[in-house]
Amino acid sequence: MEINSLTIQSALDVLKKKECSARELVAFYLDRIEKIDGKINAFLTVDREGALQQADEADSMRANDVTKPLLGMPIACKDLFTTKGLRTTAGAKIIDNYVPPFDASVVGRLKEAGAIIIGKTNEDAWGHGSSGENSDFDVTKNPYDLTRVPGGSSSGSAAAVAAGMCLAATGTDTGSSVRLPAAFCNLVGIKPTYGRVSRYGVIAMASSFDTIGHMTKTVADCALVYETTSGKDLFDGTTPDIDVPSYAKSLGKGIAGTRVGIPKEYLSLPGMAAEVKAATQQAMKTLGLLGADIIEISLPHTEYAMACYYILVPSEVSSNLSRYDGIRYGHERSAFGAEAKRRIVLGTFALSAGYYDAYYKKAAKVRTLIKKDFDDAFGAVDVIMAPSSPALPFRIGEKSEDPLAMYLSDIFMCPVNIAGVPALNVPCGFVDGLPVGMQLIGPQFSEARLFGVASAYEAATQWHTKWPKT
Amino acid sequence: MAHKMAKNMKYETIIGLEVHVELATKSKMFCGCPADHFGKAPNTITCPVCLGLPGALPVPNKKAVESTIMLGLALECEIPLESKFDRKHYFYPDLPKGYQISQYDQPLAINGSFGNVRIRRVHLEEDTGKLQHATIEGEAVSLVDFNRSGVPLVEIVTEPDFRTLEEVDVFLKKLQQIIRYLGISNADMEKGSMRIEPSVSIRTLKTEELPLYRVEIKNINSFKFARKAIEYEIERQTEMLESGEQPKQQTRGFVESKGNTAAQRDKEEAHDYRYFPEPDIPPMRWKSSQLSAISRQIGELPDAKKGRFMKDYYLNDYDATLLTEARARAEYFEKAVSIQSSVVSPKAIANWIINKKIDLEKVTPAQLLDQILQSTQTTSVSDNELEKIIKQILSENEKAVEDYKSGKDQALMFLVGQGLKSLSQKGNASIIRERLINAIKSSAQ
């Protein structure tokens, strides 16, 4: 069995055919983490004992004909997801000893579906970052090139799945944090519609932007996990009571006649890497060959998106981080890292009396305009296709001294969070051995369609089968 | 004292109130923990939400929102069709999230009035934990008890419409009564479920504008102390003005042991709370049908009930006021009156409830009626005497007679009561009743 190439679908098949037990499968992954993660730093905590015990339970359930959609599947969680009895740090020193007394709703749902939480992954502290370099612990490396970043903030989750240390990993996406690492690590990553997946128990970054996603190797795996995690949660008042369709059923259908919009503002961005642009145009062509109608559209307020994002998000960040007040959790506020401090100061300023109207309130108005851009666009197209990142995965240290350059890696992604609409990153090429990703963006609650288009594209290409040699 | 009075003649006191009331809902404002925290062992009713643990989210308590709207309606407020929660940031060890979920610019109820006092707003928020300062093993420590954290708290803000202590007193007592009537809180000051923060300032008489400062007084936990604190402030500020000083905008704390107030915070040190809309809770939007459903739950309020008691049961102002003081007492009275077989007049029932201090928990209304009947001495009264009295009653109480004829049984009770009164409680109520009925019947033929 070539473990590196397993997907959730094929692993479920392996277990079903009794080619190996869940315990053996989980042990394979735990051993692999032990063997290679010293080079990659994807995990902050590995729960060997707990994972093996859950694997035994999965085996006994399977022996008793219990069927569960993810029974025995080893999954890693970004360290923003609180896990009962398992240390949860948010990638931040200030809570490096925190062991939560409860599971995040999504963690509970994954466990209920039979998944095995094998460990907690590294990340930019609190989700603040696009490279993984803002972790208060070690820097995670890109499995395709250990001198480059895996993308952030869900850096460890992306690296763990890409390097074959688990079959799927959860992430959060507030501005890019699932899609960018998925793009840099050749994965399918979903940024859900705001409110589609419960935020309860996921440590908050910017509450009105945070979405709870995950990364997998294939579209089918992504859809399967999404069926488990999405839906109303009584513990999160922002999850509407809208039925969860069978996302698996939306796969494998043709896309003839699907209207795919290409935002002209995105491809004309100065500073867009030529090779990334070329890969995106190639993917556009492929979608056209599959029968989609490619239509140029406009998102006229794009140029204001980053400014809007970097006022509203730090405002909420400054509020959400105020609970780490130095009284509980064992560390004083001076233990916050540089990026957290930067955002606390920015946000506190933007919310202060006398500045609120000029900053927070104005940005909130811009938010409405950007939302409207997307609403208008979806009047004419079914999905929007856009590059995920303007550039290839960059070298560790290349942007860490320049926060503004780092912020701009998210330029195609933050508008999606501002609008609250769903998006997928789908692998769409390689340049010099480094992955390139594209985004498929849809109107609210249109994830089924996104999976459909992504699966048609995936079936026509081979990018998702190209794995790093680690 | 006379000296002080003379001084005060030149000035007018301006008082506004902020009143906090803990709602008696089953669960807390944003989680499932029980809201009743009084007397519980520290930190025994907490959960990730009210402890503000990382990742926990608030889900608003529908009942608490409805209770607040109900109070807003009872205070004749407008209920805007849209409302929302906001975050109010400040640092304090008893505030586990570093912010309090409150309401800023879109409270649940606005622009009401209660008596002569205008109500600026009524909004809903969460209570904080409580600090306890103790000595443990010789070391002075501060401990936090989070039992109270997240208990629903209503804030009622009046306009600065009070000019005297007496007006404040009447308002607070009526407010407490109405809150208890609505059944939304015990509004018990000693237990901290009702807290008062008066703002006091002084202006010279005949001035139209409000003074440019106000002194907010915190740390008051009884009606008595509210009075004391305001009295002290009036005196302090008047003396300042007299000696040519200008009182400062300030927050002061009432010091129980000394009966005075002490400065806590000046205007320059005022918090910047950095309010912004609470992103974890969607805004609330009301349909008018929802509001009218809440309005129907309000029931009869004390003033209306008192008026009805006077009219329906022929009670005087004094009796009706005392009976309607608390809703339970009023309901008990009406239950006793409604027992059809009884021949005891409402007035007699009222007298017993008021004067004999009946324990309403222990004595049922039926038992009360028995007690009243048994104690009514029945001595023989001559037929002639009775006849005379019946005639007299009928001629003196024409309205009650007409009421009875038009089907109002309570009017008969009243007439029986008059009979008993004339006979100095010596008559037999059922005989008087029978004679009255016969007399009215024969007069009708």
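The rules we used
Residues numbered from 1 in each chain as written. Chains lettered and ligands numbered in written order. Predicted model: local features only at pLDDT ≥ 70, side-chain atom pairs only at ≥ 80, totals over all residues. Heavy atoms only, no water. Helix = DSSP H or I, 4+ residues; strand = E, 2+ residues; numbered from the N terminus. Buried < 20%, exposed > 50% of the residue type's maximum accessible area, 1.4 Å probe, protein only. Contact = heavy atoms within 4.5 Å. Areas by Shrake-Rupley, 256 points an atom, 1.4 Å probe, with all protein chains shown as cover. Lys, Arg positive; Asp, Glu negative; His and termini not counted. Charge placed at Lys NZ, Arg CZ, Asp CG, Glu CD. Phe/Tyr/Trp six-rings, centres within 6.5 Å; stacked < 30°, edge-to-face > 60°. Disulfide = S-S within 2.5 Å. Pairing = 2+ DSSP bridges. Axes fitted to C-alpha atoms, helices over the stretch in contact; angles between N-to-C directions. Polar contact = N/O pair within 3.5 Å; in protein donor to acceptor, adjacent residues only side chain to side chain. Right-handed = clockwise from strand over helix to strand, strands pointing away.

Draft legend 1. Structural view of the overall build of chain B. If you tally the helices and strands in chain B, you get 14 helices and 15 strands. C-alpha extents for chain B along the principal axes are approximately 85 × 60 × 55 Å. Out of the 445 residues belonging to chain B, those deemed buried represent 52%. Taking the contacts inside chain B whose residues are at least 6 apart along the sequence as the reference set, 68% of them involve residues at least 24 apart. For chain B, the accessible area works out to roughly 22100 Å², and carbon and sulfur atoms hold 50% of it. Taking the average location of the 61 positive side-chain charges in chain B and that of its 62 negative ones, the two points are 3 Å from each other.

Draft legend 2. Expanded view of the packing of aromatic side chains. Residue and element names in this part refer to chain A. For the coordinates displayed, the defined rule picks out 33 aromatic pairs over all chains. Ring plane angle 10° and centroid distance 3.8 Å describe the contact between Tyr310 and Tyr407, whose orientation is recorded as stacked. In this pair, Tyr310 is assigned in helix α10 (residues 305–320) and Tyr407 in helix α13 (residues 403–407), connecting sequence segments 97 residues apart. Comparing Tyr310 with Tyr407 shows no difference in burial state: the two are buried.

Draft legend 3. Structural context of the state of the cysteines. Scanning all chains against the criterion turns up zero disulfides over all chains. In this structure Cys185 of chain A is not part of a disulfide, and its nearest cysteine sulfur, from Cys166 of chain A, lies 11 Å away. By relative accessible area, Cys185 of chain A is classed as buried at 0%. For Cys33 of chain B, which is in no disulfide, the shortest distance to another cysteine sulfur is to Cys47 of chain B and amounts to 3.7 Å.

Draft legend 4. Highlighting the sheet that holds strand β3 (residues 86–89) of chain B. Residues and elements named next belong to chain B. Read from one edge of the open sheet, three strands run β4-β3-β14, paired in antiparallel fashion. This sheet does not close on itself; its edge strands, each paired only once, are β4 (99–102) and β14 (276–277). Here four bridges tie β3 to β4, and the two strands are oriented antiparallel to one another. Within the sheet, the bridge partner assigned to Asp86 lies in β4 and is Ser102.

Draft legend 5. Spotlight on the sheet that holds strand β5 (residues 109–114) of chain B. Residues and elements named next belong to chain B. A sheet is described by the order of its strands in space; here eight strands give the open sequence β5-β6-β9-β1-β10-β11-β12-β13, paired in mixed fashion. Every other strand in the sheet has two partners, leaving β5 and β13 (260–266) as the edge strands with one partner each. Within the sheet, the average angular offset between the axes of one strand and its neighbour, ignoring direction, is 25°. The pairing of strand β11 (residues 215–218) with strand β12 (residues 250–255) spans four bridges and is classified as parallel. Paired with Glu216 across the bridge in β12 is Thr251. Sheet strands in contact with helix α2 (residues 62–74) are β5, β6 (117–126) and β9 (152–158), and its direction is about 175° off that of β6. Taken strand by strand, helix α4 (residues 223–242) contacts β1 (11–22), β10 (194–204), β11, β12 and β13, and its axis lies near 20° from that of β10.

Draft legend 6. Region of interest: the environment of Tyr313 of chain B. All names here are of chain B. Along the chain, Tyr313 turns up in helix α6 (residues 302–313). By relative accessible area, Tyr313 is classed as buried at 8%. Along the sequence, Tyr313 and Pro346 sit 33 residues apart, while their C-alpha atoms lie 6.1 Å from each other. When sequence neighbours within four positions are dropped, the list of residues in contact with Tyr313 reads Arg308, Phe333, Glu334, Val337, Pro346 and Gln410. In this structure the side chain of Tyr313 is engaged in a polar contact, spanning 2.4 Å, whose partner is the side chain of Glu334.

Draft legend 7. Region of the structure containing the pairing of strand β2 (residues 74–78) of chain A. All names here are of chain A. Summarising burial for β2: five of the five residues are buried, a large majority. Of the two faces of β2, the one carrying Pro74, Ala76 and Lys78 and the one carrying Ile75 and Cys77 are both buried. Note: β2 against strand β3 (residues 116–121), five bridges, orientation parallel. In the strand pairing of β3, Pro74 is matched with Ile116. Crossover connection from β2 via helix α4 (residues 105–112) to parallel β3: handedness right-handed. Relative to strand β4 (residues 168–173), β2 runs parallel, the two being bridged by two bridges. Residue Ala76 lies in a different strand from β4, and its bridge partner there is Ala169.

Draft legend 8. Structural context of the side chain of Lys84 of chain B. Residues and elements named next belong to chain B. Note on placement: Lys84 falls in the loop between β2 (82–83) and β3. Classification of Lys84 as buried rests on a relative accessible area of 15%. Side chain to side chain, Lys84 and Asp86 meet in a polar contact 2.5 Å long. When near neighbours in sequence (up to four residues on either side) are disregarded, Lys84 contacts Gln103, Asp105, Gln106, Pro277, Pro283 and Met284.

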